[in-house]
Amino acid sequence: MISGFANPERFMRLSAKLLPWISGVAVALFAVGLPWALYFAPPDYQQHDSARIMYVHVPAAWLAMALYAGMAAASVSSLVWRHALADVAARAMAPIGAAFTAVCLVTGALWGQPMWGAWWVWDARLTSVLVLFFVYLGYLALWAAIEDETRASRAAAILCLVGAANLPIVKFSVDWWNTLHQPASVFRADGPTMHPSLLHPLLVMALAFTCAAAALVLAEMRVFILRRRAESLTLRRRRAT
Amino acid sequence: MSVLTAFTGLFRRELSLAWAGGGGAALPAAFFLGMAALGPFALGENLDVAPKAAAAILWLALALATLLALDRMFQADLEEGVLEQLALSANPLEAGALAKILAQWVAVGLPLAGLSPLGALIMGAPPAGTPALALSLAVGSLAFFALGAIGAALAAGLKRAGLLIAILVLPFLAAPLIFGAAAGARALSGQAFAEPLLLVAATALFGLALAPPACAAALRLHLD
Amino acid sequence: MTADRGLPSSFWAMDGYAWFVWPSYALAFGVVILLAARAWMRHRDAQRRLAELERDGAP
């Protein structure tokens, strides 16, 4: 399937069909998830309604990490197999992942203040997510700094893979250290500990945000491919004249 | 020539370059001590700086001094064509990168670690903990150079490379910095510091494992 | 929470946490909408530019 995407023409055809569909699914899921999260889900016993921030904070956190993992996979594909669209995919995911990381950090602070009485603490989870955010920024800076696209994509791929070492640290930070941030309650070896009345709306919101992110990535990839086509046309014209 | 002989040759060459070229360690050392001297002023302390703050200032100074050294690390060699020769030679470029990292550590990192007791004393820290502090900085600077070299290699030859290196490298320096400052603070307070020190060593080993292949791959990009 | 018309005021007040909850949701959705708008505009511009080039091209 992945190799089927290697052909830009084919990707453009497939994404043209997929994009409106996945955007529609995202909107539908938000239509279900949003009232559920804000109204129908029960408030937390101790934190009352402030815990509703969870329904945007947790999906943002998951996407921050998932998008970086996607970038890392694309980087491997780009470096090892020279997959034609891998660098486009990585480049498209980066700003979106960075944005969701920022959302995660800010909504986390907005949740932390009523819950812990602190906007920010330097515990392992928050610090490693902040590091993830800076790695995203460095990745974007590297793409911007190198003019030649091939070189830029390979350099960025190297940086992405080096920074991937941070991902397990983020994930396991709440297990390896005494953190103020709560331990994992969904993605655990023994299964989720969260009550279904909270877990189900969370999953719907997470799926909604994921579909939105997927649509955004597809759209950005299309932009890069269209731009590449325009550039190669311009180059060919210049050579012909 | 075996790889080991070539490696030692490279290492010695890098070392002599780092020391010879206008006293390679002098600028980072001046910067390092300058920060230590300014620390008490910045903190507004009349007498002594708290151990935690003293360790933090020295570790920050080490990180920033490392950035200074990283800026020049691959730049001159790239310009003078030395890197091309290295890449074309029979020896792996990874070995060359490792030799450079170790040479920078010995030429710049270790002297700064050696100066740190002086820095700590300037800030009024008790002398008893300063050898342990120096040890933590010695190990930490190896981590800084290993991880930092990756950024230096990626940015080699680019415009405003120094700024880009800082952006790329600072997130990675965070890990040894966090553990190292903790180790330094504990050492200066007379507490047990083995645990964070071992974590610094772990980041250094991790950096040493990751840096040679990453640097070589990045340098090859710039040579194409 | 019986509501005769519309949502109860306690909903908007979010049990006193309104200043934390609503900005969080506004930020999350604002970012998604901004990213979507940006992607859409860039896409439109890229398509337009490509169409121009193809028109100006082989006569």
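From a predicted model like this one, the values you see are computed outputs, not experimental measurements.

A few points about the overall build of chain B
Then, in step 1: Check the secondary structure of chain B and you find nine helices and zero strands.
Then, in step 2: Written out in order from the N terminus, the α and β elements of chain B read α-α-α-α-α-α-α-α-α.
Then, in step 3: Compactness check: chain B gives a C-alpha radius of gyration of 18 Å against a globular reference of 17 Å for 224 residues, within 12% of the reference.
Then, in step 4: Each of the three principal axes of chain B carries a C-alpha extent, and together these read 55 × 30 × 30 Å.
Then, in step 5: When burial is assessed residue by residue, chain B has 53% of its 224 residues classed as buried.

Some words on the interface of chain A and chain C
Interfaces are often described in size by the accessible area the parts lose on coming together.
Then, in step 1: Residue-level contacts link 39 residues of chain A with 34 residues of chain C.
Then, in step 2: Surface buried jointly by chain A and chain C totals about 3200 Å² across both partners, of which 75% is contributed by carbon and sulfur atoms.
Then, in step 3: Ranking the residues of chain A by area buried against chain C places Leu38(A), Tyr39(A) and Leu226(A) at the top, with a combined share of 18%.
Then, in step 4: Linking chain A with chain C are two salt bridges.
Then, in step 5: Across the pair Glu220(A) and Arg42(C) runs a salt bridge, and its minimum N-O distance is 2.8 Å.
Then, in step 6: Here chain A is connected to chain C by five residue pairs in polar contact (both at pLDDT 80 or more).
Then, in step 7: Every element with two or more residues in the side of chain A that touches chain C is listed here: helix 1 (8–40), helix 2 (54–81), helix 3 (86–116) and helix 7 (196–240) of chain A.
Then, in step 8: If you tally residues by element for the side of chain A that touches chain C, the top one is helix 7 of chain A, at 16 residues.
Then, in step 9: For the side of chain A that touches chain C, the residue count by class is 26 nonpolar, six polar and seven charged.

Structural notes on the interface of chain A and chain B
Then, in step 1: Each partner contributes residues to the interface: chain A has 19 residues there, and chain B has 19 residues.
Then, in step 2: Buried area between chain A and chain B, both sides added, is near 1600 Å², and the carbon and sulfur share of it is 84%.
Then, in step 3: Considering only the surface of chain A that becomes buried against chain B, Arg151(A), Ile158(A) and Val162(A) emerge as the three largest contributors, covering 33% of it.
Then, in step 4: Summed over the shared surface of chain A and chain B, the result is zero salt bridges.
Then, in step 5: For the pair chain A and chain B, the number of links is one residue pair in polar contact (both at pLDDT 80 or more).
Then, in step 6: Those elements giving two or more residues to the side of chain A that touches chain B turn out to be helix 4 (124–145) and helix 5 (149–163) of chain A.
Then, in step 7: Element by element, the count of residues in the side of chain A that touches chain B is highest for helix 4 of chain A, at eight residues.
Then, in step 8: Taken together, the residues of the side of chain A that touches chain B sort by class into 13 nonpolar, three polar and three charged.

Rules used in this analysis
- Residues numbered from 1 in each chain as written.
- Chains lettered and ligands numbered in written order.
- Predicted model: local features only at pLDDT ≥ 70, side-chain atom pairs only at ≥ 80, totals over all residues.
- Heavy atoms only, no water.
- Helix = DSSP H or I, 4+ residues; strand = E, 2+ residues; numbered from the N terminus.
- Rg over C-alpha atoms; globule rule 2.2 N^0.38 Å.
- Buried < 20%, exposed > 50% of the residue type's maximum accessible area, 1.4 Å probe, protein only.
- Contact = heavy atoms within 4.5 Å.
- Buried area = accessible area lost by both parts, 1.4 Å probe.
- Salt bridge = Lys/Arg side-chain N within 4 Å of Asp/Glu carboxyl O.
- Polar contact = N/O pair within 3.5 Å; in protein donor to acceptor, adjacent residues only side chain to side chain.
- Nonpolar A, V, L, I, M, F, W, Y, C, P; charged D, E, K, R; others polar.

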